[in-house]
Structures are given as structure tokens and as C-alpha cells.
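# Tertiary structure, described
These are the residues of each chain, in order.
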Amino acid sequence: MAFLDRANAASSSSSAEGVADLDLFATGGDDGTVRLWDARTSCSTATIRVSEHASTDAVLYGLSWSPDGAQLVTCANSGRVSVLDLDGARVVRSRAPGKGPTLGVAWCPAGGLIAAGSDDGVAYVLEDKELKTVFRFKHPGSTCGVDWNPLRPAQLAVGCRDANIYVWDVPPLAKAGVTVSTPRKVTGHNARVYGVRWSPQRLIFNDSLPSRWPGHDGISMGTALWDNHTLSLIHISEPTRQ
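Thresholds applied
- Residues numbered from 1 in each chain as written.
- Predicted model: local features only at pLDDT ≥ 70, side-chain atom pairs only at ≥ 80, totals over all residues.
- Heavy atoms only, no water.
- pLDDT = per-residue confidence, 0-100.
- Helix = DSSP H or I, 4+ residues; strand = E, 2+ residues; numbered from the N terminus.
- Contact = heavy atoms within 4.5 Å.
- Buried < 20%, exposed > 50% of the residue type's maximum accessible area, 1.4 Å probe, protein only.
- Pairing = 2+ DSSP bridges.
- Core = buried A, V, L, I, M, F, W, Y, C linked by side-chain atoms within 4.5 Å.

## Let's talk about the confidence of the model for the chain
Across the chain, pLDDT averages 79, with 69% of residues at or above 70. Within the chain, no element has a lower average pLDDT than strand β1 (residues 2-4), which sits at 37, and none a higher one than strand β11 (residues 113-118), at 97. For residues 208-220, every residue scores under 50 in pLDDT, and the model assigns this stretch 37 contacts once sequence neighbours within four places are set aside.

See below:
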């Protein structure tokens, strides 16, 4: 679970996120619902059904707050990316950008864009008003965790099945469809990278965790830290097998 400040943020049991100044956090689960919670009372304040029916296709893998804290975006093993309006407690738009489960999602802190990692090997960048795909970033394997750099909002980090992290410089929305330069490849893991998260300071944090996601091999690689200016490896934990 991550608590974020409404003034600065957008950031992810399937998943949980929160906005610290309201003592509010959100969770997404296997039942196809998002629940909002008051951290002070541990009580649920709202339930929003993202999928019509609880099923194996209703599992929510990730969620992320909009920059203003008024909406949430979720991703699911159905492949759909859905935007939820908190005032109306309802799904306001939904789209499947790819052909497989969508395993990670992140709302750009600068607004306007949403990133989604898909099992089909593509990281999709969507405009947040209609969820139309504006960029497709192809990777050597399925993409899982995605996160925008809070210090450089046009930078997107993507965790990949090939054990690497790819850092993309995303063009402005007005240049949708242009050819994007080759990403920088960050190495250090030797198993699939499930999660990635930028630090609000100088570090990029990512991990590879055991999960029921498609194709998981049961190996946990712990965590690793990189400097987000040089992308050099600072620390990695010892691998463990389960």
C-alpha cells in the first residue's frame, strides 16, 4: 500500500493506494471491486464495482490515483483499463488497450496520460480523457510494473519479463504517433520484474515479487535500488526461492 499526498501525487491484495492528507486509501481485489477506506477508523467508505461479475476475469492487478485525487484508474486480468469517478462511485470509461491481461497501471503526475503494462509485451500510453492509445512501447517480454518519474514526468519506467527495466522518454501528447527513441535498459535482476516505483528524490525502486500473474515461475528476487539520474545500480537484495 502507498499513501500519497494529494498535492503532489499520482502513484500501487491485488493492489492498494492512498492519499495521505485525507487518511483515505483505495484497494482493488479479486472480487472485481475497488474499496475506499478511512485509515483512521479502518472502515470502508465506498465500494465501486469495476467488473459486472466476480470471476477469474475480474481480478484487479493495480490502481493509481489521478493527480487531483478525484479519480482512480485500475487494470485487470480481463485486459481492461478503467477510470473510476469517486464522487459518483462509478466507472466512467473503460478500454482494453492490448490483447492480454493488463498487469500494471500509473497515472502521470503531470496529468493527461496513463501508462499500462500488458502481458502482450507492450507498454501502452493512453490519453486519460477517452483512454485512446497514443504510444505503444514494444518490449522483449510481457510488461508488468509501470511508473512515471515524479521529478521528470515525461519519463516512464517499465518492468519486463526479461528481467530488465526500460526507461522511456515519452513525447508530448501533441506528438502522438511519432517515433520514440530507444529506451535505456536498466539491468540487475535475473528474474521477471513485477513492480517498479520511482522515488520522489533520487532513487528508482523496483522489485520482483511472487504472484499469481500469468507465467510466474515462483521465484522471488527481492528488491533493487538505482540512482534515477545515472540509472546505476546502488543495491540489490539476495535472491530467495519459494
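Anyway, onward from the coordinates.
## Observations concerning the pairing of strand β10 (residues 102-107)
Among the six residues that make up β10, six are buried, leaving the element largely enclosed by the rest of the structure. With five bridges connecting them, β10 and β11 associate as antiparallel partners. Along β11, the bridge assignment pairs tryptophan 107 with isoleucine 114. The loop that links β10 with its antiparallel partner β11 comprises five residues; one of these, glycine 111, has a positive phi angle of about 85°.

## Let's talk about the pairing of strand β12 (residues 122-127)
Burial analysis of β12 places six of its six residues in the buried class, the great majority of the element. Burial along β12 is two-sided: Val122, Tyr124 and Leu126 facing one way and Ala123, Val125 and Glu127 facing the other are all buried. Both β11 and β12 contribute to a ladder of five bridges, which runs antiparallel. For isoleucine 114, the partnering residue across the bridge sits in β12 and is leucine 126. Connecting the antiparallel pair β11 and β12 is a turn made up of three residues, with glycine 121 showing a positive phi of about 90°. Bridging between β12 and strand β13 (residues 133-138) involves five bridges; their strand directions are antiparallel. Residue pairing across strands places valine 125 opposite phenylalanine 135, the latter belonging to β13. Counting the residues that bridge the hairpin from β12 to β13 gives five residues, and of these leucine 131 lies at a positive phi of roughly 65°.

## Remarks on the nonpolar core
Counting residues in hydrophobic clusters, the biggest one holds 18 residues, and the most contacted among them are Leu113, Val125, Phe135, Phe137, Trp148, Leu156 and Val170. Broken down by secondary-structure element, the contributors of at least two residues to this core are β11, β12, β13, β14 (143-148), β15 (155-160) and β16 (165-169). Ignoring any residue separated from it by four or fewer positions in sequence, one finds leucine 156 in contact with Ala115, Val125, Phe137, Val146, Asp147, Trp148, Tyr166, Val167, Trp168 and Val170.

## Brief notes about the environment of alanine 154
Tracing the backbone through its elements, the reader meets alanine 154 in the loop between β14 and β15. Distance from alanine 154 to aspartate 169, taken between C-alpha atoms, is 5.9 Å for residues 15 residues apart in sequence. Apart from the residues lying within four places of it in its own chain, the contact partners of alanine 154 are Trp148, Trp168, Asp169 and Val170.

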